[in-house]
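Residue-level listing of the chains:
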Amino acid sequence: MQTNNDKPGSSSVSVESVREARQTRLLKILLFMSVIYTLYLAKTLFVPLAFSAFIALLLSPLVTIARKFYVPRGVSAVVLIGLLVTPFTLLGIQLVQPAERWMERLPTLSAEVTEHIDEISEKFENKQTEAKEIVNQKTEEEKGFSLFGWFDDDEDEQPVAEPPQEPEKEESTVTGKIKQGSLEVLLETLAAAPFLIAQLLGSIILILFLLVFGPSLFKVFVQDFPVVSDKKRAILLVSQIQRRLSNYILTISMVNGLLGAVTATVFFILGIDDALLWGALVGLLNFVPYLGGMVSTTILVVAGAVQFGLVSMAFFPAAVFLTINIIESQFVTPAVLGKQFRLNPLIIIVWLGIMGWLWGVAGALLAVPILVCAKIILEHLGVKTHWVKFLESSG
């Protein structure tokens, strides 16, 4: 009798546990979707925060070293930010004229491209017309040959009235769309420039305050807040993230800067126009693994077509950059980074797509540092080791 009474109770407990597990799983899914939705809608807030946090992590060890020599944190932070901003400002000043020149070339370039598209479409239409004429001629010959035309109807001899041809438009639809698209890109770029400048200035101010007041806030948070149970482990975790992430960002920045400098030098020697502009562009885009090289190659093909025309030499700048990029990606970067920051290429591509959808171009630039930061946290905590192996898996 006891066994009979125990069975209904155990079944009810199992049903309730299954129901609670389903509810917990549903709540986790809803929480995940709400986080993604928030990150997508508030990207104008989170992108400067993430960018400022990474730069502050990179400069914070230098501020700490300067503090040991009795240099105030505010002074060292201002000096470091000045040393970081000044080269990019000077480089931007040098690139203003080439960038303006290329922006002015966009309508002309779109007109040239559309002219070539119209020529190709006309040639294709002429070939189609010639093929139809040949088919019609063969058909007429076969009709004329059948029994010497004895059984041909008189109606076949009457000429078929051709449909009235519409007058040719001055511009094809493709031409108008391409020109309209180039003007829209130009207007969107000019409209977004003030907002980007404001975000950049806000990020610089936030970096300064993070370097000056961030360590004291973190110290109070670790020591006084009850949320942090293992205080020593929290301090060690943050220091490990800071050290390894700083090494990664500094190494990648040096490699990409070297790639841009080598590309600009080779382009200048080979006589390619605006070598400094293309060197800076490929160096910046190389922060986006794999996809950055593809975008740089496409842009350089367009630049070669503008300088050399639609001939085989149009692929020359892209071919030179591909050679340099292959050497950098296959030999230099793996040798410098080693296995410490190894990530699966497929995971990087998928993560780049996700971050690009969430935060646009800035998300693609911040994708790999965020992924490296997550990997460092998982390694240091010693939890979810299967995820670490998943991220590091190689082909």
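Everything numeric here is computed off the predicted structure, so don't read it as measured data. (Residues numbered from 1 in each chain as written. Predicted model: local features only at pLDDT ≥ 70, side-chain atom pairs only at ≥ 80, totals over all residues. Heavy atoms only, no water.)

Engineer: Report on the overall build of the protein, specifying residues and quantitative values.
Structural biologist: The helix and strand inventory of the protein stands at ten helices and zero strands. Ordered by position from the N terminus, the helices and strands of the protein form the series α-α-α-α-α-α-α-α-α-α. By the burial criterion, 26% of the 395 residues in the protein qualify as buried. Taking the contacts inside the protein whose residues are at least 6 apart along the sequence as the reference set, 70% of them involve residues at least 24 apart. A total accessible area of about 27,400 Å² is found for the protein, and carbon and sulfur atoms account for 68% of it. (Helix = DSSP H or I, 4+ residues; strand = E, 2+ residues; numbered from the N terminus. Buried < 20%, exposed > 50% of the residue type's maximum accessible area, 1.4 Å probe, protein only. Contact = heavy atoms within 4.5 Å. Areas by Shrake-Rupley, 256 points an atom, 1.4 Å probe, with all protein chains shown as cover.)

Engineer: Lay out the environment of N286 in plain terms, naming residues and giving numbers.
Structural biologist: Among the secondary structure elements, N286 is positioned in the loop between α6 (275-285) and α7 (291-308). Residue N286 is classed as buried on the basis of its relative accessible area, which comes to 13%. Spatially, the C-alpha atom of N286 lies 9.0 Å from that of L365, the residues being 79 residues apart in sequence. At 2.6 Å, the side chain of N286 forms a polar contact with the side chain of N256. (Polar contact = N/O pair within 3.5 Å; in protein donor to acceptor, adjacent residues only side chain to side chain.)

Engineer: Before we move on, could you go through the packing of aromatic side chains and cite the residues and values that matter?
Structural biologist: Overall, the coordinates contain three aromatic pairs when judged by the stated rule. Taking NZ or CZ as reference, K43 lies 5.3 Å from the ring centre of Y40, over its face. (Phe/Tyr/Trp six-rings, centres within 6.5 Å; stacked < 30°, edge-to-face > 60°. Lys NZ or Arg CZ within 6 Å of the ring centre and 35° of its normal.)

Engineer: Explain unusual backbone geometry to me, and be specific about the residues and the numbers.
Structural biologist: For D274, which is not glycine, the phi dihedral falls at a positive 55°. Secondary-structure assignment places D274 in the loop between α5 (231-270) and α6. For Y290, which is not glycine, the phi dihedral falls at a positive 65°. Position of Y290 relative to the elements: it lies in the loop between α6 and α7.

Engineer: Describe empty space enclosed by the protein, with residues and values.
Structural biologist: Applying the stated criterion to the full structure yields one cavity of 30 Å³ or more. In this structure, the largest cavity is lined by W102, R105, I272, D273, W278, A303, V306 and Q307. Elements with a minimum of two residues in the lining of the largest cavity: α3 (73-145) and α7. (1 Å grid on protein atoms, 1.4 Å probe; cavity = no way out; pocket = protein on both sides within 12 Å on 5 of 7 lines; lining within 4 Å. Points joined across faces, edges and corners; volume = space filled by probe spheres on them.)

Engineer: Tell me about the nonpolar core, and name the residues and values.
Structural biologist: L245, Y248, I249, F341, L343, W359 and V372 are the most contacted members of the largest nonpolar core, which totals 29 residues. Sorting the residues of this core by element identifies α2 (43-68), α5 and α9 (345-381) as the ones contributing at least two each. Excluding anything up to four places from it in sequence, I249 contacts F54 and L58. Listed in part, the 15 residues of the second largest apolar core include L259, L277, L300 and A303. (Core = buried A, V, L, I, M, F, W, Y, C linked by side-chain atoms within 4.5 Å.)

Engineer: Talk me through a positive patch on the surface; I want residue IDs and the actual numbers.
Structural biologist: On the surface, R22, R25, K28 and K384 cluster together into a patch of positive charge. Inspection of the secondary structure puts R22 in helix α1 (residues 2-41). You can call R22 exposed: its relative accessible area is 57%. (Patch = residues over 30% accessible without salt bridge, like charges linked within 9 Å, V, L, I, M, F, W, Y side chains within 5 Å. Salt bridge = Lys/Arg side-chain N within 4 Å of Asp/Glu carboxyl O. Lys, Arg positive; Asp, Glu negative; His and termini not counted. Charge placed at Lys NZ, Arg CZ, Asp CG, Glu CD.)

Engineer: Tell me about the pattern of salt bridges, residues and numbers included.
Structural biologist: For the structure shown, the criterion picks out two salt bridges. For E379, the salt bridge goes to K375, with nearest N and O atoms at 3.8 Å. Within this pair, E379 and its partner K375 are both found in helix α9, separated by four residues, close to a single helical turn.

Engineer: Outline the side chain of R73, supporting the account with residue identities and numerical values.
Structural biologist: Among the secondary structure elements, R73 is positioned in helix α3. Assessed through its relative accessible area of 18%, R73 is described here as buried. Within polar-contact distance, the side chain of R73 engages the backbone oxygen of L211 at 2.9 Å. Excluding residues within four positions of it along the chain, R73 makes contact with S60, V63, T64, R67, L211, V212 and P215.

Engineer: Can you break down a nonpolar patch on the surface residue by residue, with the values?
Structural biologist: A cluster of nonpolar side chains, contributed by F218, V220, F221, F225, V227, I235 and V238, occupies part of the molecular surface with about 590 Å² of accessible area. Elements represented by at least two residues in the nonpolar patch include exactly α4 (173-224) and α5. The dominant element in the nonpolar patch, judged by the number of residues it contributes, is α4, at three residues. Accessibility expressed as a relative area gives 36% for F221, which makes it partly exposed.

Engineer: Tell me about a negative patch on the surface, and name the residues and values.
Structural biologist: A contiguous patch of negative charge, built from E115, E119, E122 and E125, is present on the exposed surface. With respect to the helices, strands and loops of the structure, E115 is situated in helix α3.

Engineer: Please provide a residue-by-residue account of the packing of α5 against α6, values included.
Structural biologist: Following both chains from N to C, one finds α5 and α6 inclined at 155°, their axes separated by 8 Å at the closest point. When the axis of α5 is compared with that of α6, the two are roughly antiparallel. Like other packed secondary-structure pairs, α5 and α6 cross with a definite hand, here right-handed. Within the contact between the two elements, α5 uses N256, L259, G260, T263, A264, F267 and F268 and α6 uses A275, L276, W278, G279, V282 and G283. A per-class count over the contact of α5 with α6 returns eight nonpolar, five polar and no charged. (Axes fitted to C-alpha atoms, helices over the stretch in contact; angles between N-to-C directions. Parallel < 35°, antiparallel > 145°, perpendicular 65-115°, else oblique. Left-handed = near helix turned anticlockwise from the far one by under 90°. Nonpolar A, V, L, I, M, F, W, Y, C, P; charged D, E, K, R; others polar.)

Shape is all these values report; function is a separate question.
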